[in-house]
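Breakdown of the fold
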Amino acid sequence: MSKPDRGALIAKAHKVLKKHYKPVAYVERPLLENLIFAACLENNRFEAAEAAYKALSTGFFDWNEVRVSTVEELAESIGMLFEPQAAATNVKKTLYGVFESTYSFDIETMKKLNLGAAIQKLEKLDGISPFAVAVITQASLGGHSIPLDRGAFLALQVVGIATPADESKGVVPGLERAIPKNKGVEFGSLLHQLGAELAANPYSTNLQKIFLEIAPDAKDRFPKRPPKTPPAPPAPAPAKGAKPTAGEKLKPAAPSMEKKPPAVAKKPEPVGKKPAKPSPKPEKVNPKKRASAGPLAKRKPR
């Protein structure tokens, strides 16, 4: 049996995905706001991205406050996303790229340009990912471009439509030709839902069934679980009398388990009584003098 060509696989994938997912249409927004939504949507589910966009648009005074906020602050407000830190970074980069290019957040004039010029202008903005450009092309500019993030590329590789080389280039040859323009938003949303689930759980058995339904030979391309690393063996005990090497640290000696006799408490001195003076030490006598004097020596008369 010959392997189906890429166009046939894409058509079959579209048919199978419609059985398992419902298409999602973009909400009509200004171009800048669709850019921010795209930054939240990359590698995340549609419903989570909508919730994150709402949290950003209502939880901050304006988009400039979002721009100057820290990634940690933004990530905390969009914690419902699968990768809040990455999404927060994308949001900041998007707003910085727009502001540094226009010194404002009004980019609606791009809609007046022809499609090619508008896409080129978007691609020149710092911090705008190819995924976001494709979303804007579909949602705001009326063009035909299938948004592909990391999860979507991985899903297309599993079923044999894309290759790692395609992902490195950021494009899947023949994808837009195989999917007509009037089905572009539908197919893009179906593929994105599959890719978002794959990014969140790459070893899901339910997803593997969908992949096999599209391509029976997909089993060989399923994401592989990383092998478990065995625990490191314990270090051998040093021989008796052996000196520690330069890298070894001497361990402190274990505390002695012998019981020490309890200390005897001294009786307190009675209040008001002076302490007794210590008895004077006996005077040392020179043994020669003691021998000369003797016990019977008489004293000289005065």
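Residues numbered from 1 in each chain as written. Predicted model: local features only at pLDDT ≥ 70, side-chain atom pairs only at ≥ 80, totals over all residues. Heavy atoms only, no water.

Describing the overall build of the protein
When you go through the protein residue by residue, the secondary structure sums to 14 helices and 0 strands. In the protein, the order of α-helices and β-strands from amino to carboxyl end is α-α-α-α-α-α-α-α-α-α-α-α-α-α. Within the span of the protein, comprising 302 residues, buried residues form 35% of the whole. Intrachain contacts of the protein at a sequence separation of at least 6 include 64% that bridge at least 24 residues. Summed over its atoms, the accessible surface of the protein is roughly 20,800 Å², and 58% of this surface lies on carbon and sulfur atoms. (Helix = DSSP H or I, 4+ residues; strand = E, 2+ residues; numbered from the N terminus. Buried < 20%, exposed > 50% of the residue type's maximum accessible area, 1.4 Å probe, protein only. Contact = heavy atoms within 4.5 Å. Areas by Shrake-Rupley, 256 points an atom, 1.4 Å probe, with all protein chains shown as cover.)

Some thoughts on a negative patch on the surface
Taken together, the side chains of Asp62, Glu65, Glu72, Glu73 and Glu76 define an acidic patch exposed on the protein surface. If one sorts the elements of the negative patch by residue count, helix α5 (residues 71-77) sits on top with 3 residues. If you trace the backbone, glutamate 65 turns up in helix α4 (residues 63-68). (Patch = residues over 30% accessible without salt bridge, like charges linked within 9 Å, V, L, I, M, F, W, Y side chains within 5 Å. Salt bridge = Lys/Arg side-chain N within 4 Å of Asp/Glu carboxyl O. Lys, Arg positive; Asp, Glu negative; His and termini not counted. Charge placed at Lys NZ, Arg CZ, Asp CG, Glu CD.)

Re the pattern of salt bridges
Evaluation of the coordinates by the stated rule reveals 7 salt bridges. One salt bridge in this structure joins aspartate 217 and arginine 221, with 3.2 Å as the shortest N-O distance. Owing to a relative accessible area of 28%, arginine 221 belongs among the partly exposed residues under this scheme.

Topic: the environment of leucine 115
Structurally, leucine 115 is set in helix α7 (residues 115-124). Under the relative-accessibility criterion, leucine 115 is labelled partly exposed at 37%. Considered as a pair, leucine 115 and leucine 141 are 26 residues apart in the sequence and their alpha carbons are 6.8 Å apart. Among all residues touching leucine 115, those that are not within four sequence positions of it are Thr137, Leu141 and Gly143.

Considerations on the packing of helix α2 (residues 31-41) against helix α3 (residues 46-59)
Relative to each other, α2 and α3 sit at 130°, their axes nearing to 8 Å. One element, α2, and the other, α3, form an angle in the oblique class. Crossing hand, α2 versus α3: right-handed. On α3, the residues that touch Glu33, Ile36, Phe37, Cys40 and Leu41 of α2 are Phe46, Ala49, Glu50, Ala52, Tyr53 and Leu56. (Axes fitted to C-alpha atoms, helices over the stretch in contact; angles between N-to-C directions. Parallel < 35°, antiparallel > 145°, perpendicular 65-115°, else oblique. Left-handed = near helix turned anticlockwise from the far one by under 90°.)

Some points on helix α8 (residues 130-139)
Within α8, 8 of the 10 residues are buried, which leaves it mostly tucked inside the rest of the structure. Those residues of α8 that fall on the buried side of the exposure criterion are Phe131, Ala132, Val133, Ala134, Val135, Ile136, Thr137 and Gln138. At its buried positions, α8 is contacted by α2, α7 and α12 (184-200).

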